[in-house]
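# Examining the three-dimensional arrangement
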Protein chains: 2
Amino acid sequence: MAIPRAAKTQRRTRIQEEKEEQILEAALDVFSVSGFRGSTIDQIAEVAGMSKPNLLYYFRTKEAMHRALIDRVLDTWLEPLRAFDADGNPESEIRSYIRRKLEMARDFPRESRLFANEMLQGAPHVEDELKGPLKELVDEKADVIRSWAKAGKIAKCDPYHLIFSIWSTTQHYADFDVQVRAVLGQEHAGPGRFEDAARFLEQLFIDGLKVKSVPNAS
Amino acid sequence: MAIPRAAKTQRRTRIQEEKEEQILEAALDVFSVSGFRGSTIDQIAEVAGMSKPNLLYYFRTKEAMHRALIDRVLDTWLEPLRAFDADGNPESEIRSYIRRKLEMARDFPRESRLFANEMLQGAPHVEDELKGPLKELVDEKADVIRSWAKAGKIAKCDPYHLIFSIWSTTQHYADFDVQVRAVLGQEHAGPGRFEDAARFLEQLFIDGLKVKSVPNAS
DNA sequence: TGTAATGTTTACCAATCGGTCAAATTATCG
DNA sequence: CGATAATTTGACCGATTGGTAAACATTACA
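Summary of the structure given here. Predicted model, so just to flag it, every value in this text is computed and none were measured.

A few words on the relation of the copies chain A and chain B. Between the two copies of the chain lies a rotation about an axis combined with a shift along it. The transformation that overlays chain A on chain B combines an axial shift of 0.0 Å with a rotation of 180 degrees, and the residual RMSD is 0.0 Å. Here the copies are linked by what is in effect a two-fold axis. In this assembly the copies share their binding face: 100% of the residues contributing to the interface of chain A also contribute to that of chain B.

Spelled out as structure tokens, the structure:
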């Protein structure tokens, strides 16, 4: 008698690990393009090279697949922000944060699109994570940025909107990849576009956040 | 005998205009949230308050609805960029471009999400528009920005990535609205968030694009 | 007013959807 | 090996999908 998801043995089989990995990989392919509603189990099954009932042996529902995917990807996705160091040099911290986010857009575009799809649909599956852990993390880092501004290390600015703008500019290269490539044209849409973007964004944010010398200040 | 879409009379009836408007309005509601694949004619029909066959009397297929919607919205969406004036003052041109894009994110979030959805899915329905009219428009404005930089009116920068960064930062407030609200929390997620964003972005882009005084230059 | 064109609805279709089931196959291990 | 548990599959289910046909209702206009 087959009991789904290894209820008996507790420990996960080698096959289980492999197949679940294989399924989530395919699910990422599909969900990241079509979103939850627009994706079908059959599509995922075909990409995974498995039969539909076989997928449903490892994940009981389409929602369970999506859920597992989100859970697995969420941590990775927030890692760069966690690395944001209060004790570091503001300029280099911001610079390397932009770099890392841009690298993620380049190396994990599907993960970026998965979240983008989720956001567009009103985050029906992750709203709790947004209001909980994400908000707390951003609040913490916003404090860091605010303290930098207070110490005169960077210009005074709204730390939340600074974080938003770094998120949006970097993720843009994953989420709107088609548009970026179309506009840049064949000559400039090569792999070098990420380097160009990095140079521009670093310049923009570093210079844009430099403390303004106020003539009439002491 | 009913012939869809007024093939006989050539001229469009009052009813046709009203109903087509009504349908596209509902279609925008639905498509902008769930994307093309994730949306159903039944959903649109329900939102429009009409029966499904009645929708299909005005638009022969789901694709036709989506197509009509995209066509209608595309022009509006690019209007702010068209208004970008080569003869104007760079600082105020960029400032007002950001303002206008931010106002559109506030006032037409569905239109923004419609395009975002389309981009995420690889632009299967608008790739031609991207590579044609959009690229030409951006090329033209990029030239303007480049000439400003050459004239020493703004810092030297990649004009394409500048445009991308303005697009992404402003549209973020429409496309990722849920996330923005969740992170800002109840206190700061009110209507004022657009003003806060405008202030921050103007500061960022204006200061970030100021010409750097190079000490060792003549 | 009459009538032809336009607009709307009910009933329906084949295809696809998420998901189940039982039978068949394969892996594990004493 | 044998047997038991784990895995895989084909056949199938009711609901939903995009779309059609034809009867019915309404409008426009001579």
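And the narrative resumes.
Moving on to the interface of chain A and chain B. Facing 57 residues of chain A, the contacting portion of chain B comprises 57 residues. Per-residue buried area on chain A facing chain B is highest for Leu120, His161 and Val183 of chain A; these three make up 15% of the total on that side. Where chain A meets chain B, there are 0 salt bridges. For the interface between chain A and chain B, the tally reads 8 residue pairs in polar contact (both at pLDDT 80 or more). Of all the secondary structure elements, the ones that give two or more residues to the side of chain A that touches chain B are α1 (14-38), α6 (109-120), α7 (127-150), α8 (159-175), α9 (177-188) and α10 (193-208) of chain A.

What follows covers α7 of chain A. Between its terminal C-alpha atoms α7 of chain A stretches 32 Å, which fits the 34 Å expected from 24 residues at 1.5 Å a residue. Maximal helix bending in α7 of chain A amounts to about 40 degrees, located at Lys135 of chain A. All buried positions along α7 of chain A are accounted for by Leu130, Gly132, Leu134, Lys135, Leu137, Val138, Lys141, Ala142, Val144, Ile145, Trp148 and Ala149 of chain A. On its buried face, α7 of chain A is in contact with α4 (62-83), α5 (90-107), α6 and α8 of chain A together with α9 (177-188) of chain B.

What follows deals with the nonpolar core. The tendency in soluble globular proteins is for nonpolar side chains to be buried side by side. Core analysis: the largest hydrophobic core is formed by 140 residues, its most contacted members being Leu55, Ile94 and Phe205 of chain A together with Leu55, Ile94 and Phe205 of chain B. Among all residues touching Phe205 of chain A, those that are not within four sequence positions of it are Ile94, Ile98, Leu162, Ser165, Ile166 and Thr169 of chain A together with Leu204 of chain B.

Glancing now at helix α5 (residues 90-107) of chain B. Residues and elements named next belong to chain B. Counted at 1.5 Å a residue, the expected span for α5 with its 18 residues is 26 Å, and the 25 Å between its end C-alpha atoms agrees. Taken together, the buried positions of α5 are Pro90, Glu93, Ile94, Tyr97, Ile98, Lys101, Leu102, Met104 and Ala105. Across the axial projection of α5, the buried residues extend over an arc of 160 degrees, all falling on one side. At its buried positions, α5 is contacted by α4 (62-83), α6 (109-120), α7 (127-150), α8 (159-175) and α10 (193-208). At the N-terminal end of α5, a side-chain oxygen is found 3.0 Å from the backbone nitrogen of Glu91, two or three residues along, and the residue is Asn89.

Another aspect to go through is the pattern of salt bridges. Overall, the coordinates contain 43 salt bridges over all chains when judged by the stated rule. Ionic pairing is found between Asp29 of chain A and Arg110 of chain A, a salt bridge with its closest N-O pair at 2.6 Å. With Asp29 of chain A in helix α1 and Arg110 of chain A in helix α6, the pair connects residues that are 81 residues apart, well separated along the chain. We classify Arg110 of chain A as partly exposed; its relative accessible area is 22%. For Glu140 of chain B, the salt bridge identified is with Lys141 of chain B, shortest N-O distance 3.6 Å. In this structure Glu140 of chain B comes out as partly exposed when scored by relative accessible area, which is 45%. One salt-bridge network, in which partners are shared between bridges, spans Glu91, Arg95, Arg99, Glu195, Asp196, Arg199 and Glu202 of chain A.

Residues and elements named next belong to chain A. Running from N to C, α4 and α6 cross one another at 115 degrees; their axes reach a closest spacing of 10 Å. The crossing of α4 and α6 is left-handed. Across the interface between the two elements, His66, Leu69, Ile70, Val73, Leu74 and Trp77 from α4 touch Glu111, Ser112, Leu114, Phe115 and Glu118 from α6. Considered class by class, the residues forming the contact of α4 with α6 number 7 nonpolar, 2 polar and 2 charged.

The rules we used
- Residues numbered from 1 in each chain as written.
- Chains lettered and ligands numbered in written order.
- Predicted model: local features only at pLDDT ≥ 70, side-chain atom pairs only at ≥ 80, totals over all residues.
- Heavy atoms only, no water.
- Least-squares fit on C-alpha atoms with pLDDT ≥ 70 in both.
- Contact = heavy atoms within 4.5 Å.
- Buried area = accessible area lost by both parts, 1.4 Å probe.
- Salt bridge = Lys/Arg side-chain N within 4 Å of Asp/Glu carboxyl O.
- Polar contact = N/O pair within 3.5 Å; in protein donor to acceptor, adjacent residues only side chain to side chain.
- Helix = DSSP H or I, 4+ residues; strand = E, 2+ residues; numbered from the N terminus.
- Expected span 1.5 Å × (residues − 1).
- Bend = angle between axes of the 7 residues up to and from the residue.
- Buried < 20%, exposed > 50% of the residue type's maximum accessible area, 1.4 Å probe, protein only.
- Core = buried A, V, L, I, M, F, W, Y, C linked by side-chain atoms within 4.5 Å.
- Arc of directions from axis to C-beta.
- Axes fitted to C-alpha atoms, helices over the stretch in contact; angles between N-to-C directions.
- Left-handed = near helix turned anticlockwise from the far one by under 90°.
- Nonpolar A, V, L, I, M, F, W, Y, C, P; charged D, E, K, R; others polar.

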